[in-house]
Protein chains: 2
Amino acid sequence: MTASTSARVPQEERTRAMRQRLMEAAFELLVEKGYGGTTTTLVSERAGVSRGAQLHHFPTKTDLVVATVIHVTERRAEEMRSATASLPKGQKRTEAVVRMLGELFTGPVFSAALELWVAARTDPALLEVVAPLEYRIGRETHRLTVELLGIDESQQGARELVQGTLDLVRGLGLANTINDDAKRRRRILDQWARTLDAALHPAGRKDDE
Amino acid sequence: MTASTSARVPQEERTRAMRQRLMEAAFELLVEKGYGGTTTTLVSERAGVSRGAQLHHFPTKTDLVVATVIHVTERRAEEMRSATASLPKGQKRTEAVVRMLGELFTGPVFSAALELWVAARTDPALLEVVAPLEYRIGRETHRLTVELLGIDESQQGARELVQGTLDLVRGLGLANTINDDAKRRRRILDQWARTLDAALHPAGRKDDE
């Protein structure tokens with residue numbers, strides 16, 4: 001390694017770490033104070049970064065918002081991947097997958113995404129950033145759910161039931177922001193899982209599925 | 001009628017009409033500009049009411065917000081009642097009810113409610129107003145859905161399937177704010193109606209149901 005590359009690498013790492021801190025601060029503020037309450041001043045304070053340094057990394061508020069939208073989307077994808085790692089097989093598979101999806105849509109990452117969706121509804125510039133990312137993560141979540149449930153999508157109605165399951169957990173997540181009721185959610189998800197199994201595996205699941 | 005009551009009645013009517021205009025303006029602004037964009041100045045402009053008159057009817061922003069939350073909730077209840085008036089009976093009943101619910105959660109009244117829910121998530125004072133009204137309209141919607149579907153709630157899982165149906169349409173409504181896709185929504189709702197019928201009326205619906 002030459003002197004010039006060794007000097008450049010730490011600089012790149014510092015830049016990456018600084019950007020990461022600012023996006024993480026913006027994420028936390030979205031969860032705590034909502035989109036309207038997430039000002040650039042609060043973000044720099046929370047991140048412990050000077051205004052000058054912040055403006056160096058994100059010259060406009062839009063730059064910071066775009067980076068934060070991408071950051072939140074990446075966190076959702078990561079959360080999803082790590083949640084799928086420890087799912088059981090066999091009879092209880094569907095219940096476990098549906099419960100897991102329910103949890104993905106009730107945590108702080110969901111709250112941050114919700115703030116961005118709702119702000120984008122009345123902000124066309126933000127919508128242009130949010131919509132394509134939402135489309136991509138939506139497709140990825142769908143693909144993963146089909147795989148986890150071991151569903152054959154050529155089966156009549158299977159595709160719509162998977163989509164419906166994802167819309168169900170989105171709706172449960174939204175209700176949860178007003179009235180957190182984990183027991184109610186659990187009962188609904190478990191019944192949904194039983195109904196899904198009856199519709200998609202009428203002959204019953206095999207243990208080795 | 002004495003002179004004094006005849007003078008008072010028009011005054012009461014004017015007051016009611018003026019409050020109604022201000023709440024309607026606030027409602028429209030919630031839909032168009034979101035909660036953060038709904039300022040008291042814009043509300044008086046939109047309603048064509050002087051700031052003085054507005055302050056007479058709603059001394060603080062909180063007074064106006066509370067009245068608007070109630071107004072939006074009443075509009076949701078009215079929309080629901082009028083939507084249920086023309087539902088068919090017989091085989092297609094479940095599909096019609098589920099489609100009707102889907103429509104209730106995609107219009108401007110849903111958007112206004114969504115803005116209030118999400119603002120309430122990070123605003124404890126607003127949450128105190130929104131949560132009990134939400135609870136009441138949630139119970140009313142549930143009761144009406146059970147009645148419309150002709151479901152016996154003592155049946156195993158029936159209660160959870162109705163709740164799940166309402167969470168599904170809430171989730172579809174939220175998705176709709178980012179990516180309006182009426183065809184996708186229709187396919188999901190129709191499939192869910194078939195699944196619901198299979199789960200709740202395994203022997204088939206009778207035409208006179």
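The structure presented is a predicted model; accordingly, all values stated were derived computationally and were not measured.

1. Things to note about the confidence of the model for chain A
Taken as a whole, chain A shows an average pLDDT of 90; of its residues, 94% reach a score of 70 or greater. Mean pLDDT values over the elements of chain A span from 86, in helix H1 (residues 3-33) of chain A, up to 96, in helix H2 (residues 40-47) of chain A.

2. Some points on the interface of chain A and chain B
At the junction of the two partners, chain A supplies 43 residues and chain B supplies 43 residues. Of the roughly 3400 Å² buried at the junction of chain A and chain B (both faces included), carbon and sulfur atoms supply 65%. Where chain A packs against chain B, one counts six salt bridges. Across the pair glutamate 160 of chain B and arginine 187 of chain A runs a salt bridge whose closest N-O atoms are separated by 3.5 Å. Across the chain A-chain B interface, the total number found is ten residue pairs in polar contact (both at pLDDT 80 or more). For the side of chain A that touches chain B, the secondary-structure elements that each account for two or more residues are H1, helix H6 (108-121), helix H7 (124-149), helix H8 (158-178) and helix H9 (182-200) of chain A. Tallying contributions element by element places H8 of chain A first for the side of chain A that touches chain B, with 13 residues.

3. Here we look at the environment of glycine 164 of chain B
Residues and elements named next belong to chain B. Here glycine 164 lies in helix H8 (residues 158-178). Of the residues examined, glycine 164 reaches a relative accessible area of 0% and is grouped as buried. When the C-alpha atoms of glycine 164 and serine 154 are compared, they prove to be 16 Å apart, with ten residues separating the residues in sequence.

4. Quick notes on the pattern of salt bridges
Where charged atoms from two side chains of opposite charge come close, those side chains can pair. Considering all chains together, one arrives at 28 salt bridges over all chains under this definition. Three or more residues joined by partner-sharing salt bridges are found here, namely Lys92, Glu95, Arg99 and Asp190 of chain A.

5. Considering the domain arrangement of chain A
All names here are of chain A. Domains assigned within chain A are domain 1 (1-59) and domain 2 (71-209). Taking the mean C-alpha position of each, domain 1 and domain 2 sit 31 Å from one another. Carbon and sulfur atoms supply 74% of the area buried between domain 1 and domain 2, which totals about 850 Å² over both sides. Interface area lost by domain 1 to domain 2 is led by Phe27, Leu30 and Tyr35, which between them contribute 64%. Taken together, the connections running from domain 1 to domain 2 amount to one salt bridge.

6. Describing helix H4 (residues 61-83) of chain A
Counted at 1.5 Å a residue, the expected span for H4 of chain A with its 23 residues is 33 Å, and the 32 Å between its end C-alpha atoms agrees. Where H4 of chain A is concerned, the buried positions are Leu64, Val65, Ala67, Thr68, Val69, His71, Val72, Thr73, Arg76, Ala77 and Met80 of chain A.

Rules used throughout
Residues numbered from 1 in each chain as written. Chains lettered and ligands numbered in written order. Predicted model: local features only at pLDDT ≥ 70, side-chain atom pairs only at ≥ 80, totals over all residues. Heavy atoms only, no water. pLDDT = per-residue confidence, 0-100. Helix = DSSP H or I, 4+ residues; strand = E, 2+ residues; numbered from the N terminus. Contact = heavy atoms within 4.5 Å. Buried area = accessible area lost by both parts, 1.4 Å probe. Salt bridge = Lys/Arg side-chain N within 4 Å of Asp/Glu carboxyl O. Polar contact = N/O pair within 3.5 Å; in protein donor to acceptor, adjacent residues only side chain to side chain. Buried < 20%, exposed > 50% of the residue type's maximum accessible area, 1.4 Å probe, protein only. Domains from an automatic or database assignment. Expected span 1.5 Å × (residues − 1).

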